[in-house]
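Spelled out from the first residue to the last, the chains are:
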Amino acid sequence: YEVLGVARDASQAEIKKAYRKLSLQYHPDKNRAEGAKEKFVEVAGAYEILGDERKRRQFDSVDYFDDHLPSAYRPRPEKGPSYFFRVFAGAFKRQAKFSEATPVPLLGDEDTPYADVAQFYRFWQGFRSWRDFGLLAEHDLGQAEDREERRWMQRQNKNIVARIKKDEMQRIGQFVALAYEFDPRVKAHKEGQARKKAEAKEEKERAAREEEEAKRAA
């Protein structure tokens with residue numbers, strides 16, 4: 001992205017336009033300045049990846065970014081209810097860019113209606129990622145000596161990529177479960193439901209006692 005001078009969310013059309021401009025600028029036939037040829041090769045290499053949507057996804061999947069997801073959480077009551085959102089909101093937002101489904105709901109804050117909170121967790125509990133770990137495969141198919149070895153490499157690469165993807169989805173699932181467990185809105189809702197259930201039970205028992213006392217009095 002830096003080589004082509006485009007933003008990471010640039011469209012394919014914007015990437016193609018930037019490539020054409022730079023390739024003309026640094027083409028060896030038009031630019032004989034020192035370093036122009038190397039720059040031309042660098043631009044061509046960048047476009048080879050970003051100009052192909054599949055390769056671009058693979059690159060975006062492993063390109064450096066803050067991929068940290070909290071694996072543990074300790075509530076800090078002295079920091080107020082907003083502490084939970086400071087810990088989890090950023091991580092959810094970073095992972096949202098890999099979602100197959102859009103739009104991706106936001107974590108919200110302590111004032112978010114519970115219906116929206118419930119929808120948020122339903123979305124993330126069924127989260128599907130387009131992240132493609134193909135660039136992390138171990139075997140270079142170009143090094144295969146024959147068709148049979150190439151097929152073996154393809155199978156091995158497929159298994160490796162599938163394992164990485166499985167581990168990644170487990171990691172996200174554990175992160176979502178952790179957030180749900182400690183979300184103060186979920187906790188308040190569960191406590192409210194339990195309280196209503198207890199009150200309903202108490203009211204039912206009170207009515208039964210009054211009915212029994214009325215029968216005895218009669």
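Right above here is the structure, for reference.
In this report, we go over the structure that sits alongside the text. Note that the coordinates shown come from a computational prediction; the quantities given were computed from them, not determined experimentally.

Considerations on the side chain of Asp 60
With respect to the helices and strands, the residue Asp 60 is situated in helix 3 (residues 53-62). Assessed through its relative accessible area of 18%, Asp 60 is described here as buried. Excluding residues that lie within four positions of it along the chain, Asp 60 makes contacts with Tyr 1, Phe 98 and Trp 130.

Topic: the packing of helix 4 (residues 82-96) against helix 5 (residues 114-125)
For any two helices packed against each other, one specifies the inter-axial angle together with the distance between the axes. The geometry of helix 4 relative to helix 5 is characterised by a closest axis approach of 13 Å and an angle of 45 degrees between their N-to-C directions. By the angle between their axes, helix 4 is oblique relative to helix 5. Relative to helix 5, the crossing made by helix 4 is left-handed. Two secondary-structure elements touch here, helix 4 through Phe 84, Phe 92, Gln 95 and Ala 96 and helix 5 through Phe 120, Tyr 121 and Trp 124. Per-class residue counts for the contact of helix 4 with helix 5 are six nonpolar, one polar and no charged.

Quick word on the packing of helix 4 against helix 6 (residues 147-182)
Between helix 4 and helix 6, the least distance of the axes is 11 Å, while the angle of their chain directions is 150 degrees. In terms of their interaxial angle, helix 4 and helix 6 are classed as roughly antiparallel. The handedness of the crossing between helix 4 and helix 6 comes out as left-handed. Taking contact as the criterion, the partners of Phe 84, Phe 88, Ala 91, Phe 92 and Gln 95 in helix 4 are, on helix 6, Glu 168, Arg 171, Ile 172, Phe 175, Val 176, Leu 178, Ala 179 and Phe 182.

Observations concerning the nonpolar core
If you look at the biggest cluster of nonpolar residues, it comprises 23 residues, and the most contacted ones within it are Phe 84, Phe 88, Phe 92, Leu 107, Tyr 121 and Trp 124. Mapped onto this core, the elements with two or more residues apiece are helix 4, helix 5 and helix 6. Ranked by residue count, the leading element in this core is helix 4, at seven residues. Excluding anything up to four places from it in sequence, Phe 92 contacts Leu 107, Phe 120, Trp 124, Phe 175, Val 176 and Ala 179. In this structure, Ala 10, Tyr 26, Val 43 and Leu 50 belong to the second largest nonpolar core, which totals twelve residues.

What to know about unusual backbone geometry
Excluding glycine, most residues fall at negative phi; most peptide bonds, likewise, are trans. Between Thr 102 and Pro 103 the backbone carries a cis peptide bond, its omega angle lying at 0 degrees. Mapped onto the elements, Pro 103 comes out in the loop between helix 4 and helix 5.

A few points about helix 7 (residues 184-217)
Here helix 7 spans 49 Å end to end across 34 residues, near enough to the 50 Å set by a 1.5 Å rise per residue. All buried positions along helix 7 are accounted for by Arg 185, Val 186 and Gly 192. Check the buried side of helix 7 and you find it contacts helix 4, helix 5 and helix 6.

Observations concerning the packing of aromatic side chains
Going through the model one piece at a time under the given rule, you end up with 19 aromatic pairs. If you follow Lys 97 out to its NZ or CZ, it ends over the ring of Phe 65, 4.1 Å from the centre.

Observations regarding the side chain of Ser 99
Residue position: Ser 99 is located in the loop between helix 4 and helix 5. At a separation of 2.6 Å, a polar atom in the side chain of Ser 99 contacts the main-chain carbonyl oxygen of Ala 101. Aside from chain neighbours lying at most four places away, what touches Ser 99 is Val 104, Phe 123, Phe 127, Arg 128 and Trp 130.

As for the environment of Lys 39
If you trace the backbone, Lys 39 turns up in helix 2 (residues 36-50). In the structure, Lys 39 is positioned 16 residues away from Ser 23 in sequence and 8.8 Å away in space, judged by C-alpha atoms. Other than its neighbours up to four places away in sequence, Lys 39 contacts Val 3 and Tyr 26.

Some points on the pattern of salt bridges
In this structure the tally under the stated criterion is 16 salt bridges. The residue Arg 131 makes a salt bridge to Asp 67 at a minimum N-O spacing of 3.4 Å. On the criterion of sequence distance, the pair formed by Arg 131 in the loop between helix 5 and helix 6 and Asp 67 in the loop between helix 3 and helix 4 is long-range, its members being 64 residues apart. Judged by relative accessible area, Asp 67 falls into the partly exposed class, the value being 22%. Overlapping salt bridges, with partners in common, bring together Asp 67, Arg 131, Glu 168 and Arg 171 in one network.

About the criteria used
- Residues numbered from 1 in each chain as written.
- Predicted model: local features only at pLDDT ≥ 70, side-chain atom pairs only at ≥ 80, totals over all residues.
- Heavy atoms only, no water.
- Helix = DSSP H or I, 4+ residues; strand = E, 2+ residues; numbered from the N terminus.
- Buried < 20%, exposed > 50% of the residue type's maximum accessible area, 1.4 Å probe, protein only.
- Contact = heavy atoms within 4.5 Å.
- Axes fitted to C-alpha atoms, helices over the stretch in contact; angles between N-to-C directions.
- Parallel < 35°, antiparallel > 145°, perpendicular 65-115°, else oblique.
- Left-handed = near helix turned anticlockwise from the far one by under 90°.
- Nonpolar A, V, L, I, M, F, W, Y, C, P; charged D, E, K, R; others polar.
- Core = buried A, V, L, I, M, F, W, Y, C linked by side-chain atoms within 4.5 Å.
- Expected span 1.5 Å × (residues − 1).
- Phe/Tyr/Trp six-rings, centres within 6.5 Å; stacked < 30°, edge-to-face > 60°.
- Lys NZ or Arg CZ within 6 Å of the ring centre and 35° of its normal.
- Polar contact = N/O pair within 3.5 Å; in protein donor to acceptor, adjacent residues only side chain to side chain.
- Salt bridge = Lys/Arg side-chain N within 4 Å of Asp/Glu carboxyl O.

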